[in-house]
Amino acid sequence: MPVKINIILEFVYFEPYIGSMATKNETKINKILRATPPGTVLLSSWLTSQGYSLDLQKHYKKSGWLESVGTGALKRKGDEVDYLGGLYALQKQLGLSVHVAGRTALSLLGRSQYIDLAPGRAVLMGAPKETLPLWFKKKDWEERIDYYSTSFLPADMDLMDLSDNGFSVKISQPARAILECLYLAPKHQEFFECYELMELSNDLRPKSVQDLLENCSSVKVKRLFVYLAEKLKHPWLEFVDLSNVDLGSGTRSLVKDGAYIGKYKMTVPREFERNEQPGI
């Protein structure tokens, strides 16, 4: 008889406790899902910092709330996540300066009309000591990710928020994106493509251009930028004070058998100087 009473007491005591724990866990997962937009990655380390233990995260996966994206990364069960949703986590949860850069930023801003900008590829840039986590590199984003770490421009200068499907990520504004394209030329981006993108950039803000040129550490990039802007007769260039821009000394040979531009001490593709349509 005492044994039977003990069993009944234990059942009565634990049943409401177990039920309340389940309810508490459901409330807690709903709280974090409401705080983070759909289509984005949830980093395990960030969840832990928010009070969601590894055991609790495992419980959410087992219960069908979350599923793995890779080691240390999760998403809502059944959620579609692209590289921008992964980038959101890098920026908002890890605090990295990695951002959409160069031609990809220009494309997202609708500034690459009629130009084939290597579809299926996305350009990201970050600070020198910033590396992409393994889960991000291993994930099949259905786009090739070209990542470059560099300090030729200040990490936080001339960026903007771009909204995408209910969340936003940092991307380069037009002037910075053009400079990033020139930084990658000619090894990682064709000069002709840079020319065409610069041709479409007749509405850059002089203040942005001024700040970027004064803080840019690449002589090659600055010379190319000013040379192309001058050649294309962009109106905003006359409002940029080049006396405050250090264009360096010495020559820069950017291509073999090119045309030498004495004013900027550099060699450029001959097509630029023959006033031909680049690429023809």
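Each chain carries its own residue numbering, running from 1 in the direction its sequence is written. A pLDDT threshold of at least 70 governs which residues receive local features in this predicted model, and a stricter bar of 80 or more applies before side-chain atom pairs are shown or counted, although totals over entire chains, interfaces and linings include all residues. Here the side-chain values reflect all heavy atoms present in the structure, with hydrogen atoms and water set aside.

Engineer: Could you give an account of the pairing of strand 5 (residues 121–126), naming the residues involved and the relevant values?
Structural biologist: Where burial is concerned, most of strand 5 is hidden: five out of the six residues are buried. Note that strand 4 (residues 99–100) and strand 5 share two bridges and pair antiparallel. Paired with V100 across the bridge in strand 5 is L124. Using a 1.4 Å probe on the protein chains alone, a residue whose accessible area is under 20% of its type maximum counts as buried, one over 50% counts as exposed, and one in between counts as partly exposed. Elements are defined by DSSP. Helices are runs of H or I of four residues or more, strands are runs of E of two residues or more, and each kind is numbered from the N terminus. By this definition, two strands are paired if DSSP reports at least two bridges between them.

Engineer: Give a detailed account of the side chain of R223, specifying residues and quantitative values.
Structural biologist: Considering the arrangement of structural elements, one finds R223 in helix 10 (residues 219–231). We score Asp and Glu as negative and Lys and Arg as positive, and we do not count His or the chain ends. Any Lys or Arg side-chain nitrogen found within 4 Å of a carboxyl oxygen on Asp or Glu counts as a salt bridge. No salt bridge forms around the buried R223; measuring N to O, its nearest opposite-charge neighbour D246 is 7.4 Å away. Any pair of residues with heavy atoms lying within 4.5 Å of one another is described as a contacting pair. Residues in contact with R223, not counting those within four places in the same chain, are L247, G248, S249, G250, T251, R252, Y264, K265 and M266.

Engineer: Mind laying out the packing of helix 7 (residues 174–184) against helix 9 (residues 206–215), listing which residues take part and the relevant values?
Structural biologist: Here an angle of 0 to 180 degrees is reported between the N-to-C directions of two axes, which are lines fitted to C-alpha atoms, with helices fitted over the stretch in contact. Relative to each other, helix 7 and helix 9 sit at 40 degrees, their axes nearing to 9 Å. Comparing the axis directions of helix 7 and helix 9 gives the class oblique. Helix 7 and helix 9 meet at a crossing whose hand is right-handed. Facing A175, R176 and L179 of helix 7, the residues of helix 9 in contact are S208, V209, L212 and L213. Residue polarity follows a fixed list, in which Ala, Val, Leu, Ile, Met, Phe, Trp, Tyr, Cys and Pro are nonpolar, Asp, Glu, Lys and Arg are charged, and the others, Gly among them, are polar. Among the residues making up the contact of helix 7 with helix 9, the classes are represented as five nonpolar, one polar and one charged. Throughout, the term roughly parallel applies to angles under 35 degrees, roughly antiparallel to angles over 145, roughly perpendicular to angles from 65 to 115, and oblique to all others. For a crossing to be left-handed, the near helix must be turned anticlockwise from the far one by less than a right angle; the clockwise case is right-handed.

Engineer: Tell me about the sheet that holds strand 9 (residues 252–253), and please be specific about residues and values.
Structural biologist: The strand order across the open sheet built from three strands is 9-11-10, with neighbouring strands paired in mixed fashion. Sheet topology places strand 9 and strand 10 (259–261) at the edges, where each strand pairs with a single neighbour. Sheet contacts for helix 10: strand 9, strand 10 and strand 11 (266–268); angle to strand 11, the most-contacted strand, approximately 60 degrees.

Engineer: Any chance you could break down the state of the cysteines for me, citing the residues and the numbers?
Structural biologist: Think of a disulfide as a covalent bridge from one cysteine sulfur atom to another cysteine sulfur atom. Criterion for a disulfide: a pair of cysteine sulfur atoms within 2.5 Å. Per the stated rule, a full pass over the model turns up zero disulfides. For the unlinked cysteine C181, the closest cysteine sulfur is that of C194, found at 5.3 Å. What makes C181 buried here is its relative accessible area of 1%.

Engineer: Give me the lowdown on helix 3 (residues 54–62), citing residues and values where you can.
Structural biologist: Residues three or four positions apart in an α-helix share a direction because the helix packs 3.6 residues into each turn. Every buried residue of helix 3 is listed here: L56, Q57 and Y60. Down the axis, helix 3 shows its buried residues gathered within 100 degrees of arc, on one side only. Away from its buried face, by an angle of more than 90 degrees, helix 3 presents the exposed residues L54, D55, K58 and K62. Positioned one or two residues after helix 3, G64 has a phi angle of 90 degrees, which is positive. Directions pointing from the helix axis toward each C-beta atom define the arc.

Engineer: Just give me the short version of the packing of helix 7 against helix 8 (residues 191–199), but keep the residues and values in it.
Structural biologist: The geometry of helix 7 relative to helix 8 is characterised by a closest axis approach of 10 Å and an angle of 165 degrees between their N-to-C directions. Of the possible angle classes, the one that applies to helix 7 and helix 8 is roughly antiparallel. At the point where helix 7 passes helix 8, the crossing takes the left-handed sense. Here I178, C181 and L182 of helix 7 lie close against helix 8, whose contacting residues are C194, L197 and M198.

Engineer: Give me the lowdown on the nonpolar core, citing residues and values where you can.
Structural biologist: Of all hydrophobic cores here, the largest spans 80 residues; its most connected members are W135, F225 and W236. For F225, the contacting residues outside a window of four places in its chain are A175, I178, L179, L182, M198, L204, V209, L213 and W236. To qualify as a nonpolar core, a set must consist of buried Ala, Val, Leu, Ile, Met, Phe, Trp, Tyr and Cys residues joined through side-chain atoms within 4.5 Å.

Engineer: Give a detailed account of the sheet that holds strand 2 (residues 66–70), specifying residues and quantitative values.
Structural biologist: Read from one edge of the open sheet, three strands run 1-3-2, paired in antiparallel fashion. In the strand order of this sheet, the two ends are held by strand 1 (42–43) and strand 2, each with one partner. In this structure, strand 1 lies alongside strand 3 (residues 73–76), joined through two bridges in antiparallel fashion. Within strand 3, the residue paired with L42 across the bridge is L74. Its contacts with the sheet place helix 3 against strand 2 and strand 3, and it is angled at close to 110 degrees to strand 2.

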